[in-house]
Amino acid sequence: MALKKNTLAISFLMMALCGGSMAAVYNAGDSAGWTSMGQVDYKEWAANKNFHVGDTLVFIYNNQFHNVKQVTQQGFESCNATSPIATYTNGSDTVTLEKHGHFYFICGYPGHCQAGQKIDISVLPATSNLSPARPPTQSSLSGASSLSLSVPSILLSWAFGGLPAFFLSGFPY
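Residues numbered from 1 in each chain as written. Predicted model: local features only at pLDDT ≥ 70, side-chain atom pairs only at ≥ 80, totals over all residues. Heavy atoms only, no water.

Going by the annotation in an unreviewed UniProt entry, the name recorded for the protein chain is Phytocyanin domain-containing protein, with Salix udensis given as the source organism.

J.: Kindly report on the side chain of His 66, identifying the contributing residues and their values.
T.: Here His 66 shows up in the loop between strand S3 (56-60) and strand S4 (68-71). A distance of 3.1 Å separates polar atoms of two side chains, one belonging to His 66 and the other to His 112. A distance of 3.1 Å separates the side chain of His 66 from the side chain of Gln 117, its partner in a polar contact. Not counting chain neighbours up to four residues away, the residues in contact with His 66 comprise Trp 34, Thr 35, Ser 36, Tyr 61, Cys 107, Tyr 109, His 112 and Gln 117. (Helix = DSSP H or I, 4+ residues; strand = E, 2+ residues; numbered from the N terminus. Polar contact = N/O pair within 3.5 Å; in protein donor to acceptor, adjacent residues only side chain to side chain. Contact = heavy atoms within 4.5 Å.)

J.: Could you give an account of the state of the cysteines, naming the residues involved and the relevant values?
T.: On inspection of all chains with the given rule, the structure shows 1 disulfide. What pairs with Cys 79 in a disulfide is Cys 113, and their sulfur atoms sit 2.1 Å apart. Disulfide Cys 79-Cys 113: the torsion about the S-S bond is -70°, which places it as left-handed. Of this pair, Cys 79 sits in the loop between helix H3 (73-78) and strand S5 (86-88) while Cys 113 sits in the loop between strand S7 (101-106) and strand S8 (118-124); the two residues are 34 residues apart in sequence, bridging distant segments of the chain. With relative accessibility at 17%, the residue Cys 79 sits in the buried group. Judged by relative accessible area, which is 3%, Cys 113 ranks as buried. Cys 107 carries a free sulfur, and the closest cysteine sulfur to it, the one in Cys 113, is 8.4 Å from it. On the basis of relative accessibility, which here comes to 2%, the residue Cys 107 falls in the buried class. (Disulfide = S-S within 2.5 Å. Buried < 20%, exposed > 50% of the residue type's maximum accessible area, 1.4 Å probe, protein only.)

J.: If you had to explain the environment of Phe 105 to someone new, which residues and values would you point to?
T.: Checked against the element boundaries, Phe 105 lands in strand S7. You can call Phe 105 buried: its relative accessible area is 0%. Residues Phe 105 and Val 68 lie 37 residues apart in sequence; the distance between their C-alpha atoms is 6.4 Å. Contacts of Phe 105, omitting those with residues within four sequence positions, involve Trp 34, Leu 57, Phe 59, Val 68, Lys 69, Gln 70, Phe 76, Val 95, Lys 118, Ile 119 and Ile 121.

Printed below as a string of C-alpha cells:
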C-alpha cells in the first residue's frame, strides 16, 4: 500500500514539473485570424497575452489579400513594409518567438496596416519550472480529481511521470 502511495506521489510530482514547461501557441486574432476587416483590435489582443521565449505565433489569413511582414519598431509605427526583417505569404504562417523583446508584424498590403492590421508582440524571457516544488500532501492527493490540466500536459506528464512510475512500482506487465 505504501508503495502505491509513493508511486502516486511521484506521478503527481512529475506532472507538476512537466505541466508548465510547454510553450504556448497563439493564433493572431484568435478565431478571426489575421485580417483588416476591423474585427480584431490587435493591440488589445496582444495586451491580454503573456508571450514567452519559445512560444509560437500563428498567422491564418487569405494570402490573396494579406501577408505578414516582420518589421522594425520604426516600420511598425510608420506602417512601412519596404524593408521587412521577414516576409510570410502562405496564409498559415508560424513564427517561433526565439528571444525576449518586441516583435513587430504588419500586413504589407496598401492601407491594411493603417486600418489596424499590425501587432506588437512583447516577449518575456522563458519561464522555468526549476523552482523548488512542494511535495504533494495526503490531502492534495485525495483531492487530485479536481486538478485542472490541459490534455497535452496530462499526456506528457503521464509519459514522463506516470508511466515510468508505474513500471518502477512493481506491477506485473
